[in-house]
Structure formats: structure tokens, C-alpha cells
Amino acid sequence: MFGRNLNPVAAYAEVGIGAKVKSATPHQLILLLFEGAASAITVAKLHIERGEVAQKGKLISQAIDIITNGLKASLNLEAGGKLAEQLAALYDYMARRLLSANLENNVAALDEVSKLLDEIHTAWIEITPKSGQP
């Protein structure tokens, strides 16, 4: 009808994510970034296995963007001190590994970054503020 073949499930998911973002606390936004990067990497691995180069590249680029322009950009290097500096360096490392994974179809590199993200994500979950705190 409108000249586009829309996927209703994808449209519903997009609306759901938009609603989560609008109502999320800063802490929850970081959790969403971790989840988005992990999801992109997981799906990129499937595209590597299927030989779908363009889709793989798009998802790895999305993961790199989330890590560098989301997670790393959210760090407060002044207030966070050495920990924030170390996280920034780790995020840079992850982005380089993802770039390498993209160029070489390296599933092991994707797995490595997934594991690192999962460890930080788990720690972030453990420091979730109690209700009523930002």
C-alpha cells in the first residue's frame, strides 16, 4: 500500500526499544547499550556462518558504533579516574577486535568481544541503583 514491505515484528521491536529508551534511567540506558552490542555481535556471527558479508558488516559496524559512541562516550574520565580510563582503553580494544573480525570473518574475535562485554555488563547489573535512585 505504501510501497514498502514492512516487517511487523521488526516494527514492533523498534517501537518497544524506543519506549524503553524514553523511560530509562541513565543506568538502564547503559544496560540497553550492552544488550544492543551483544545482540549485534550474535547476529553477525550467524551472518558469517551463512556467508552473508553485507549483513555481517552492517551488524559489526553497529556493535562498534554502540561501543565507541555509546559506552565509551558515556564515560566521565574526570570523575571516573583510572577505572574510566581503563574502560575507555578496553572499549578501544574491543572496537579494534571487531574491525579485525569484520575484515577476517573471525568468529573467535567476536566471541572474545562478546565475553568482555558480558563481564562488564554483569558488573553493571550488579551495581544497579535501588529504586528511587538515579
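Definitions and limits used
Residues numbered from 1 in each chain as written. Predicted model: local features only at pLDDT ≥ 70, side-chain atom pairs only at ≥ 80, totals over all residues. Heavy atoms only, no water. Helix = DSSP H or I, 4+ residues; strand = E, 2+ residues; numbered from the N terminus. Buried < 20%, exposed > 50% of the residue type's maximum accessible area, 1.4 Å probe, protein only. Salt bridge = Lys/Arg side-chain N within 4 Å of Asp/Glu carboxyl O. Core = buried A, V, L, I, M, F, W, Y, C linked by side-chain atoms within 4.5 Å. Contact = heavy atoms within 4.5 Å.

Draft legend 1. Inspection of unusual backbone geometry at higher detail. A positive phi angle, near 50°, is found at Asn 105, a position not held by glycine. Within the fold, Asn 105 resides in the loop between α4 (77-104) and α5 (107-126). Classification of Asn 105 by relative accessible area gives partly exposed; the value is 39%.

Draft legend 2. Broad picture of the pattern of salt bridges. Here the structure, examined in full by the defined rule, presents four salt bridges. For Asp 111, the salt bridge goes to Lys 45, with nearest N and O atoms at 2.5 Å. In this pair, Asp 111 is assigned in helix α5 and Lys 45 in helix α2 (residues 26-50), connecting sequence segments 66 residues apart. Judged by relative accessible area, which is 35%, Asp 111 ranks as partly exposed.

Draft legend 3. Geometry of the nonpolar core. Of all hydrophobic cores here, the largest spans 26 residues; its most connected members are Ile 67, Tyr 91, Met 94, Leu 98 and Leu 117. Of all elements in the fold, only α2, α3 (53-72), α4 and α5 reach the threshold of two or more residues within this core. Once you skip the residues sitting within four places of it in the chain, Met 94 turns out to touch Ile 67, Val 113, Leu 116, Leu 117 and Ile 120.

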